[in-house]
Amino acid sequence: MTVEPRNDAFVAFEHVQKSYDGVSLVVKDLNLSIAKGEFLTMLGPSGSGKTTCLMMLAGFETATHGEIKLDGVNINQVPPHKRGIGMVFQNYALFPHMTVGENLAFPLEVRGMGKDERESKIKRALDMVQMGAFANRRPAQLSGGQQQRIALARALVFDPKLVLMDEPLGALDKQLREHMQFEIKHLHESLGITVVYVTHDQGEALTMSDRIAVFNDGRIQQLAPPSDLYERPENSFVAQFIGENNKLPGVIEELTGDKALVRLTTGELIDATAVNAREKGGKTLVSIRPERVEFKPEMMPAGAHTIDAEVIEVIYMGDILRAVLKVAGTDDFVMKMRNTLWQTKLAPGQKIKVGWHPQDARALDP
Amino acid sequence: MKKTLILTTALVGFGFAANADVTVMSWGGAYGAAQTEGHVKPWMAATGNAAIMVDSDNPAPAIKAMVEAGNVTVDVASVEYADAIRLCDEGLLEPIDAASLPAGADGTPAADDFFPGAVTECAVSTDIWSNVFAYDTTKFPEGPTTAADFFDLEKFPGKRGLKKGAKAVLEFALLGDGVPAAEVYDVLNTPEGVDRAFAKLDTIKSEVVWWEAGAQAPQLLADGEVAMTTAYNGRIFAAAVGEGKPFQIVWDGQIYENESYVVPKGAPNKDLAMDFIKYATSTEGLRAQAAHISYGPPRKSANLEPIIYAGDGKTEMGPHLPTNPANLTNALLTSSDFWVDHDAELNERFQAWLSQ
Amino acid sequence: MAEATTELLTTADGRPLKAALAAAQSRAKRRAFFLVLPLLLFVLLTFLVPIGYMLKRSFEHDGFASTAPALVAWFEANPDFDPANPPEEAYAALVQDLARMQVEKTTGLSGTRINYSVPGTISLFKKGAREAKDLTPPFKESLVALDADWGRPALWRGMQSASHVYTAEFYRVASDMKLNDDGWARGEDNERIYLYLFFKTFLISGLITVICLLLAFPVSHLLATLPMAKASLLMILVLLPFWTSLLVRTTAWIALLQEQGIVNDILVGMGLIDDEGRLTMMYNMTGTIVAMTHVLLPFMILPLYSVMRVIPPSYARAARSLGATSWTTFRRVYLPQTLPGIAAGSLLVFILAVGYYITPALVGGADGQLISNLISFHMTKSNWSLAAAIAAMLLAAILVLYWLYDRLIGIDRLKLG
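Per chain, residue numbering runs from 1 following the sequence as it is written. Going through the entries in the order they are written, you letter the chains from A and number the ligands from 1. The predicted nature of this model means local features are confined to residues of pLDDT at least 70 and side-chain atom pairs, given and counted, to a pLDDT of 80 or more, with totals for whole chains, interfaces and linings taken over all residues.

Chemist: Give me the lowdown on the overall build of chain C, citing residues and values where you can.
Modeler: The secondary structure content of chain C amounts to 19 helices and two strands. Relative to its length of 417 residues, chain C is extended, with a C-alpha radius of gyration of 31 Å against a globular reference of 22 Å. Projected onto its principal axes, the C-alpha positions of chain C cover 95 × 95 × 35 Å. Remark: C-beta atoms are placed from the backbone, and a residue is labelled buried if 20 or more other C-beta atoms sit within 10 Å of its own, exposed if 12 or fewer do, or partly exposed between those counts. Buried positions account for 41% of the 417 residues belonging to chain C. By the criterion used throughout, residues are in contact when their C-beta atoms, derived from the backbone, lie within 7 Å. For chain C, contacts bridging at least 24 residues in sequence account for 69% of all contacts bridging at least 6. Numbering of helices and strands runs from the N terminus, with a helix taken as a DSSP run of H or I at least four residues long and a strand as a DSSP run of E at least two residues long. The globule rule used for comparison is 2.2 Å times the number of residues to the exponent 0.38, while the radius of gyration itself is calculated over C-alpha atoms.

Here it is as structure tokens:
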């Protein structure tokens, strides 16, 4: 998919292509505009081109074709140190031979800043990440989370307008990672900076971003706010990559506007919303989120098609119950139920009927 | 018990077999090969005893280390004359009974047959080698003929190769300065004499290429790096006769010395070692070695008949030997007494002079 | 944590925790010790023992003390005698000892010992010993009549000094001191060589270390950043010198650099220099430095490479993104991180260079003598004590450098790969 570049964009990729070997393209015709103050995440599996895009923006890789603009100016030929972009690296890249204070002073010194100004800025940046007491430590004496904070402070200490983050939380444990996600988000909001964030962790992307660009095979598959991305995936790659997803293959039997009637390969008929499979008689893959699957008739819209299901197992997960069902020939159909006092308890072997709102079942490309 | 017995027998047998070997340590290369061909192999054939040759960069320090450590594995070693004296002085060598050495092939008693100084308390000379100088005949058809010519840069322009060390170089400088061979050590024994030698060397110092290893001298000559160079005469012989290089030795001012066999104190096969030395330093033994390398046999009787070079089967060795009467008209026998006394002192002076 | 220091912790059955821990680990420790024991013994026997022996040798020599008992006893009784005019009883003891040496055949041994500080003594002793039994009192007159050198104060000082088994004499000689009639003094200008060579050896080794560093740095960087296949090919080229003998390599440099050598031939052929103006690159300092740099270069490249290999490229990227130019990035971020490799490589190359003597001897010409050449000279001339003293001084100098290095950079930061 393509997004037309906007003239007021803070960062713009225009028809950018990148090849390393002259044979294949790692990035294929990338167009992307990022507004000032936006938190944009590039999400995708490894090898999808997201990191290459970030490196081109930082200046460590040159675009084979196309233009990259920062604040309306073409920066293709600007060396990295003149771009004024803050960057946080996957393994923090804190200089091991310098103390925390020296690490933070480094970008200020190379800008020729006076000592007093430097010190006040360093103090402010360290306080911002609650690391004020650590200025004299060496990076090796800090924990992973602390190093992460320092890396963040160093990327911000020279007041860049744009900050790039390359999987910055990848090396942290789960709890710390979630905590840092909020801190980064908070810093972004309070400082009003523009952030381009690269990750392969969809949960992280959903939590933090204003918009997410899902990369695959050198292209942006979908660029949308998190809720749109999750609830209205535009193709089956996005549907499968973001969140848990049931997929039922079939053929479109009837098409009325957005409403589609799909006959599954096992013969059942279901309701769906046609998204990018819009041809009568065409093959499709219907995608339904597990939490949108219902088995109580009163929860389903009137006249909705239901299909037979058999409970294979129910997994207790605390806040939710997760039922694995045999539906339409597949035995990995998942349904999630809130674990409430009144929730019906299902047992393995039980026969039920499942259904859903048509707008929750999206008929996508096979 | 039986096992132990077998083991003991095996060990004794092994030890005995090892004891039957006479181990000869020499300098390797063409020299070691000449002694292997001329001494080791014929002695084994003649006596039925086993003998092996081992190489060393310089056998003297090696046997000093062995004797001091009390772990002598060498029975016979080939050492420089001065080292033979020095090691004997320090009590590191077995005395050799001069009276037991065989008479010459013509019946001359050993005491009369050996050249003066060839037999000492602990060493018997195997050959006489010489420090000579040589030049490239294609460069100087009317070549230099005297030691003085070596120092004459006007008459014979070009670089000079010289051994990097005080010994033989200081004597050569005095010979080149016109000091008669007989007086060289008397002059060198005075501070003025040493100054005179260094002053002579000063006249060519800027043109000198210093060599360290014996193989370097003919190579410098072959590469055209020097016009003439001092060298060990055997090396020039090998290049000129063996390889056909246009090199000519100038025998005037040659400084010759003995190379000797010694027996380290505590040698495992002392008696066999003595027998080996008697064989090797007999008229025939000495001639056999001289057939392989152009170092002169130190017995009168060994120089009577022509020796034919084993390398090509036709060259007569006589004119190429330092001991040839024609080559001895202005020749100097190295004084080991002088060098044992003054080696360290003069080497320090030489090194200091070099680095000035 | 606080209570651990104030109160002794015990195990459940009341034993002190420390003792229990030691007991629990002692078995494992013993086994570990036995595993390294063979290597430990090997190192002790082949490394420490010879060095200890060498050090002992450098201040111990009984060549005279054990062969001249009468004179040794007399020196002991009269430590303050006048060397310029020793009394008759000293001469009597000397003649008695000389006669004894002649019988015991120890003339050479004791003469050699005195010869170390008073050149010319060996033949003097031999002559004296031969005549000793025929000498008649007064011995002073008869000995001096035999050879005037018997009256030299320096000889008497030398004998007195040699009557002690332990002596600093060899260190004095190695420091360019000479024993003359008035005692130990600085040697004549034209004889002083050891301290000069120490200085020169360290200077040249330092120079070679710097050149090796300058050459090795880019090569190591290339090695560390190239793709694996190309890097291993380059590594083979780096290691190639190790596969040929030192002499072959040195000879190859002679063939290349001598006046009639390949490099000069090419320069003449290209018309850059004329035949008369051939460059002298061999048999001088240039030759020594070129050949030794070549030989020692791998010892700089390998530690540098091993350090550079593990420096992630993200450091340089981080520095660039923070606004540093490529030069600043190199100087302030990359270079400091390679310091352990630079230090290790420099230490290796320097120490190896200090001990080299074959290469400078062959290609160095008049300039090419280093201190190791003199150690080698005295080893072959059988003055092992002096060789040991020079070697000990060299060892001490290197240990001082090592200590300085530890103070300045820290041994723990040394990375050999």
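From this point, things continue past the structure.
Chemist: Explain the interface of chain B and chain C to me, and be specific about the residues and the numbers.
Modeler: With 32 residues of chain B at the contact, the number on the chain C side is 32 residues. Counting residues per element, the side of chain B that touches chain C draws most heavily on helix α14 (residues 336–354) of chain B, at 14 residues.

Chemist: Pulling in residues and values, what's your account of the packing of helix α10 (residues 194–225) of chain C against helix α14 (residues 285–309) of chain C?
Modeler: Residue and element names in this part refer to chain C. In the contact formed by α10 and α14, the axes pass within 7 Å of each other and the chain directions differ by 45 degrees. Judged by the angle between their axes, α10 and α14 are oblique. The two elements α10 and α14 meet at a crossing, and its hand is right-handed. Axis definition: a line fitted to C-alpha atoms, over the contacting stretch in the case of helices. Angles run 0 to 180 degrees between N-to-C directions. Any angle that falls under 35 degrees is termed roughly parallel, while one over 145 is termed roughly antiparallel, one within 65 to 115 roughly perpendicular, and all others oblique. Crossing handedness is defined as follows: a turn of the near helix away from the far one that is anticlockwise and smaller than a right angle gives a left-handed crossing, while the clockwise case is right-handed.

Chemist: Requested: an account of the interface of chain C and chain A, with residues and values cited.
Modeler: Counting residues at the interface gives 15 residues for chain C, matched by 18 residues for chain A. Breaking the side of chain C that touches chain A down by element, the ones donating at least two residues are α15 (313–321) and α16 (326–355) of chain C. Residue contributions to the side of chain C that touches chain A peak at six residues, all from α15(C). The classification used treats Ala, Val, Leu, Ile, Met, Phe, Trp, Tyr, Cys and Pro as nonpolar, Asp, Glu, Lys and Arg as charged, and all other residues, Gly among them, as polar. A breakdown of the residues in the side of chain C that touches chain A according to their chemical character gives seven nonpolar, six polar and two charged.

Chemist: For the domain arrangement of chain C, give the residues involved together with the corresponding values.
Modeler: All names here are of chain C. For chain C, the assigned domains are domain 1 (16–58), domain 2 (69–186) and domain 3 (194–413). The split of the chain into domains comes from an automatic or database domain assignment. Put simply, the middle of domain 2 and the middle of domain 3, counted by C-alpha atoms, are 48 Å apart. In this complex, domain 2 contributes seven residues to the contact, which on the side of domain 3 involves eight residues. Classifying every residue of the side of domain 2 that touches domain 3 gives five nonpolar, one polar and one charged.

Chemist: Any chance you could break down the domain arrangement of chain A for me, citing the residues and the numbers?
Modeler: Residue and element names in this part refer to chain A. Partitioning chain A into structural domains gives domain 1 (11–236) and domain 2 (244–364). Between the C-alpha centres of domain 1 and domain 2 the distance comes to 39 Å. Along the lines of polarity and charge, the residues of the side of domain 1 that touches domain 2 split into one nonpolar, two polar and one charged.

Chemist: Could you give an account of the environment of B:R287, naming the residues involved and the relevant values?
Modeler: Note on placement: B:R287 falls in helix α13 (residues 283–290). Put simply, B:R287 and B:N303 are 16 residues apart on the chain and 7.9 Å apart in space, counted from C-alpha to C-alpha.

Chemist: So what's going on with the sheet that holds strand β16 (residues 320–327) of chain A? Which residues, and what values?
Modeler: Residues and elements named next belong to chain A. Here the rule is simple: two strands pair whenever DSSP picks up at least two bridges between them. In space, the four strands of this open sheet follow the order β17-β16-β15-β18, with antiparallel pairing throughout. Two strands bound the open sheet, and with one partner strand each, they are β17 (330–338) and β18 (351–354). Averaged over all adjacent pairs, the angle separating strand axes in this sheet is 45 degrees, with direction ignored. Looking at chain direction, strand β15 (residues 307–316) and β16 are connected through seven bridges and run antiparallel. Directly across from A309, in β16, lies its bridge partner V327.

Chemist: For the confidence of the model for chain A, give the residues involved together with the corresponding values.
Modeler: With 98% of its residues at a pLDDT of 70 or more, chain A has an overall mean of 89. Overall, residues 1–5 of chain A carries pLDDT values under 50, and its contacts beyond four positions in sequence, including any with other chains, amount to 12 contacts. A residue's pLDDT is the predictor's confidence in that residue, given on a scale from 0 to 100.

Chemist: Hey, could you go over helix α7 (residues 169–176) of chain B for me, with residue numbers and the actual values?
Modeler: Of all eight residues in α7(B), eight are buried, a share of seventy percent or more. Residues of α7(B) that are buried: B:V169, B:L170, B:E171, B:F172, B:A173, B:L174, B:L175 and B:G176.

Chemist: Kindly report on the pairing of strand β10 (residues 219–224) of chain A, identifying the contributing residues and their values.
Modeler: Along a regular strand, successive side chains alternate from one face of the sheet to the other. Residues and elements named next belong to chain A. Alignment of strand β9 (residues 211–216) against β10, held across five bridges, turns out to be antiparallel. Across the sheet, N216 pairs through a bridge with R219, a residue of β10. Where β9 hands over to β10, the hairpin turn is made up of two residues, of which D217 adopts a positive phi near 55 degrees.

Chemist: Before we move on, could you go through the confidence of the model for chain C and cite the residues and values that matter?
Modeler: Residue and element names in this part refer to chain C. Overall, the predicted model of chain C reaches an average pLDDT of 88, with 96% of residues at or above 70. When the criterion is pLDDT under 50, residues 1–5 qualifies, and its contacts beyond four places in sequence or with other chains add up to one contact. Here the complex is predicted with pTM 0.81, and the ipTM for its interfaces comes to 0.83.

Chemist: Got a sec to walk through the arrangement of the chains? Specific residues and values, please.
Modeler: Taken together, the two pairs of chains in contact show their highest number of contacts between chains B and C. Across all C-alpha pairs, the smallest distance from chain A to chain B is 45 Å, and the two are not in contact.

Chemist: Could you give an account of the packing of helix α18 (residues 371–380) of chain C against helix α19 (residues 384–408) of chain C, with specific residues and numbers?
Modeler: Residues and elements named next belong to chain C. In the contact formed by α18 and α19, the axes pass within 7 Å of each other and the chain directions differ by 155 degrees. It follows from the interaxial angle that α18 and α19 lie roughly antiparallel. You can see that α18 and α19 cross each other, and the crossing is left-handed. Residues I371, L374, I375, H378 and M379 of α18 pack against W384, L386, A387, I390, A391 and L394 of α19. A breakdown of the residues in the contact of α18 with α19 according to their chemical character gives 10 nonpolar, one polar and no charged.

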